[in-house]
Protein chains: 2
Amino acid sequence: MAASPLLERLMAALRCLPGVGPKSSQRMALHLLERDRDGAHRLVESLQSALDRIGRCQRCRDLSETELCALCANPHRNPTLLCVIETPADVLAVEQATGFQGLYFVLMGHLSPLDGIGPVELGLDMLEARLDEGEIREIILATNPTVEGEATAYYIAEMARERGIRPTRIAHGVPLGGELEYVDGGTLAHAFAGRRDL
Amino acid sequence: MAASPLLERLMAALRCLPGVGPKSSQRMALHLLERDRDGAHRLVESLQSALDRIGRCQRCRDLSETELCALCANPHRNPTLLCVIETPADVLAVEQATGFQGLYFVLMGHLSPLDGIGPVELGLDMLEARLDEGEIREIILATNPTVEGEATAYYIAEMARERGIRPTRIAHGVPLGGELEYVDGGTLAHAFAGRRDL
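Owing to the predicted nature of the structure, the values given are computational and were not obtained by experimental measurement. (Residues numbered from 1 in each chain as written. Chains lettered and ligands numbered in written order. Predicted model: local features only at pLDDT ≥ 70, side-chain atom pairs only at ≥ 80, totals over all residues. Heavy atoms only, no water.)

Student: Give me the lowdown on the relation of the copies chain B and chain A, citing residues and values where you can.
Tutor: Of the transformation superimposing chain B on chain A, the axial component is 0.0 Å and the angular component is 180°, with the fit at an RMSD of 0.0 Å. Each copy turns onto its partner about a two-fold axis. Nearest to the rotation axis, the C-alpha of Val44(B) is located 2.6 Å from it, this being the minimum over chain B. Mapped onto chain A, 100% of the interface residues of chain B are again interface residues, and the two copies thus contact each other with one and the same surface. (Least-squares fit on C-alpha atoms with pLDDT ≥ 70 in both. Contact = heavy atoms within 4.5 Å.)

Written as structure tokens, this is what we have:
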């Protein structure tokens, strides 16, 4: 390699980004230094301030630069509906795609005892305290349709039932625009078991 | 969108990276903040020092943090061979793939009068002064095989010939491992015109 040590170090640092390997990190580093130094300065500045100031919302655990995130602080959201979800990315996806008007609780993961992730790591003690407040009527379990996501949903559903709160789970079935032929067996079985009157 | 303003700004800043659109910038921003804050700190630090300290080599115009880049400063390289090339990425590619032992001159582009890129922007006055030094015997024109790259190569070849220096052009032909059936016509014509005794 003929690259200068600082350039090498920049390429290595860029590889911490998801989906970026040796080739793209080289392309990115050279692009920033040759053609977009202004963009690179903006990137340094905004990444630094995001690191300094973005923490967790005290109520829903979502990423937030204020003690309460914009959603939790919004008085127009319905406080009787709580959507439990795995990651901040999932919150963004639900906000963009659905008309959901309730509040969120972000687990930042799913139960995974082998990795040392239990109820405390997911903030389920915080969730329990929140359910005890008595305002919530329905808890929508929107964890991923994986083994761990399902287990997490069942665990939280139990917590809700003990307090007389109705737990619901988002529907699983064939995705829109898909073809039955190419849908996996588990999904198809779910879609049949969950059929509804038309 | 429910993202916090700082998060929005970070996503926008990440979009200056080549090949990064709205979806990947969101994925990258959330990954850095949720899962790899150490990597993000390293990225800020190495990008900042690269921006502060990487400039151009005074002799070959390649990116360098010192006045002379490591290649130009290396006394073991052959100073009679000069490879003229478009970008720093091309230098890395040639260094990695070939056994070339000469020196480089990096144009940082190609002649493109319509975009206001003429001989001065490519540093051809610097190149002319260097050719006048009299040390160089052969100048290898390794610009891209595009219309602009060819025009640039012809222009520099003329400069070399005027000074009695031998200009050569890298070979164009069918790439290794390719199939003739799928090679474009221009390349195939080049490959036939440039055939050699076996």
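Student: For the packing of helix H3 (residues 37–53) of chain A against helix H3 (residues 37–53) of chain B, give the residues involved together with the corresponding values.
Tutor: In the contact formed by H3(A) and H3(B), the axes pass within 10 Å of each other and the chain directions differ by 145°. Judged by the sense of rotation from one axis to the other, the crossing of H3(A) with H3(B) is left-handed. On H3(B), the residues touching Arg37(A), Ala40(A), His41(A), Leu43(A), Val44(A), Leu47(A), Gln48(A), Ala50(A) and Leu51(A) of H3(A) are Arg37(B), Ala40(B), His41(B), Leu43(B), Val44(B), Leu47(B), Gln48(B), Ala50(B) and Leu51(B). (Axes fitted to C-alpha atoms, helices over the stretch in contact; angles between N-to-C directions. Helix = DSSP H or I, 4+ residues; strand = E, 2+ residues; numbered from the N terminus. Left-handed = near helix turned anticlockwise from the far one by under 90°.)

Student: Could you give me a rundown of helix H1 (residues 5–14) of chain B, with the residues and numbers involved?
Tutor: Every α-helix carries 3.6 residues per turn, so stepping three or four residues along brings you back to the same face. Those residues of H1(B) not exposed but buried are Leu6(B), Leu7(B), Leu10(B), Met11(B), Ala13(B) and Leu14(B). Along the long axis of H1(B), the arc covered by the buried residues comes to 165°, so they all point the same way. Among the structural elements, H3 and helix H5 (88–97) of chain A together with helix H2 (22–35) of chain B are those in contact with the buried residues of H1(B). (Buried < 20%, exposed > 50% of the residue type's maximum accessible area, 1.4 Å probe, protein only. Arc of directions from axis to C-beta.)

Student: So what's going on with the side chain of Glu138(A)? Which residues, and what values?
Tutor: Residues and elements named next belong to chain A. For Glu138, the location among the structural elements is in strand E5 (residues 138–141). A relative accessible area of 18% means that Glu138 is categorised as buried. Within the structure, Glu138 has its side chain in polar contact with the side chain of Thr168 (distance 2.9 Å). Residues contacting Glu138, with those up to four places away along its chain left out, are Thr80, Leu81, Leu82, Ile165, Arg166 and Thr168. (Polar contact = N/O pair within 3.5 Å; in protein donor to acceptor, adjacent residues only side chain to side chain.)

Student: Tell me about the interface of chain B and chain A, and name the residues and values.
Tutor: Taken together, the contacts link 52 residues of chain B with 52 residues of chain A. Carbon and sulfur atoms supply 72% of the area that chain B and chain A bury against each other, a total of about 5,100 Å² over both sides. Counting every contact that joins chain B to chain A gives 14 residue pairs in polar contact (both at pLDDT 80 or more). Top contributing element to the side of chain B that touches chain A by residue count: H3(B), with 15 residues. Of the residues that constitute the side of chain B that touches chain A, the class distribution is 31 nonpolar, 11 polar and 10 charged. (Buried area = accessible area lost by both parts, 1.4 Å probe. Nonpolar A, V, L, I, M, F, W, Y, C, P; charged D, E, K, R; others polar.)

Student: How would you sum up the environment of Ile140(B)? Please name residues and give values.
Tutor: Residue and element names in this part refer to chain B. With respect to the helices and strands, the residue Ile140 is situated in strand E5 (residues 138–141). For Ile140, a relative accessible area of 16% corresponds to the buried category. Remark: the alpha-carbon pair of Ile140 and Arg35, spanning 105 residues in sequence, is separated by 47 Å.

Student: I'd like a rundown of the sheet that holds strand E6 (residues 166–169) of chain A, residues and numbers included.
Tutor: Residues and elements named next belong to chain A. The strand order across the open sheet built from 4 strands is E4-E3-E5-E6, with neighbouring strands paired in parallel fashion. Each of the sheet's edge strands pairs with one partner strand only, and the pair in question is strand E4 (103–106) and E6. Each neighbouring strand pair of the sheet contributes to a mean axis angle of 25°, computed without reference to strand direction. Both E5 and E6 contribute to a ladder of 4 bridges, which runs parallel. The residue of E6 that forms the bridge with Ile139 is Pro167. Taken strand by strand, H5 contacts strand E3 (81–85) and E4, and its axis lies near 155° from that of E4. Strands E3, E4 and E5 of the sheet are contacted by helix H6 (residues 124–132), whose axis makes an angle of about 150° with E4. (Pairing = 2+ DSSP bridges.)

Student: Help me get a handle on the sheet that holds strand E3 (residues 81–85) of chain B, residues and values and all.
Tutor: All names here are of chain B. Overall, parallel pairing links the 4 strands, which are arranged E4-E3-E5-E6 in an open sheet. In the strand order of this sheet, the two ends are held by strand E4 (103–106) and strand E6 (166–169), each with one partner. Averaged over all neighbouring strand pairs, the angle between strand axes comes to 25°, with direction disregarded. Helix-sheet contacts for helix H6 (residues 124–132) involve E3, E4 and E5, and the interaxial angle to E4 is about 150°.

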